[in-house]
Amino acid sequence: ERLFKIKHLSSVLWGKLNQIKNIKLILNSPPPSGIVSFSINGINSPEEVVKYLGQNKLWIRVLEDPKWLRACVHITTDLEEIDNLVFGLKNFITAK
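Caption draft 1: View of the packing of helix H2 (residues 46-54) against helix H3 (residues 79-95). Packing of H2 against H3 brings their axes to within 10 Å, and their N-to-C directions diverge by 125 degrees. If you check the angle between H2 and H3, you find them oblique. Here the hand of the crossing between H2 and H3 comes out right-handed. Counting all contacts with H2, which are made through Glu 48, Val 49, Tyr 52 and Leu 53, the residues of H3 involved are Leu 85, Gly 88, Leu 89, Asn 91 and Phe 92. In terms of residue class, the contact of H2 with H3 is built from six nonpolar, two polar and one charged.

Printed below as a string of structure tokens:
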């Protein structure tokens, strides 16, 4: 049940990110776990994205090699948190 929920939430996040212009998802289909990795076209500093989102209490990480952004969903993640992350990413991209 826990793994099913995590897979469902990561699929929801993957699907919403897949609809945002300029976001390039690393996987071509929803991930088999709670980790969703992506990059943003035209952004040379993923750290800038992490800092921007962190100011809004949205926490993702930078993978170092290659430089990708990584969002994780957990058993405690809810759909509102996913929507907040998607909204924050859209705002970041629009501001650029």
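Having put the structure on the table, let's press on.
Caption draft 2: Layout of the nonpolar core. In this structure, Leu 13, Leu 17, Ile 23, Phe 38, Ile 40, Val 49 and Leu 89 are the most contacted members of the largest nonpolar core, which totals 27 residues. With residues near it in sequence (within four places) discarded, Ile 23 still touches Leu 17, Phe 38, Ser 39, Ile 40, Leu 89 and Ile 93.

About the criteria used
Residues numbered from 1 in each chain as written. Predicted model: local features only at pLDDT ≥ 70, side-chain atom pairs only at ≥ 80, totals over all residues. Heavy atoms only, no water. Axes fitted to C-alpha atoms, helices over the stretch in contact; angles between N-to-C directions. Helix = DSSP H or I, 4+ residues; strand = E, 2+ residues; numbered from the N terminus. Parallel < 35°, antiparallel > 145°, perpendicular 65-115°, else oblique. Left-handed = near helix turned anticlockwise from the far one by under 90°. Contact = heavy atoms within 4.5 Å. Nonpolar A, V, L, I, M, F, W, Y, C, P; charged D, E, K, R; others polar. Core = buried A, V, L, I, M, F, W, Y, C linked by side-chain atoms within 4.5 Å. Buried < 20%, exposed > 50% of the residue type's maximum accessible area, 1.4 Å probe, protein only.

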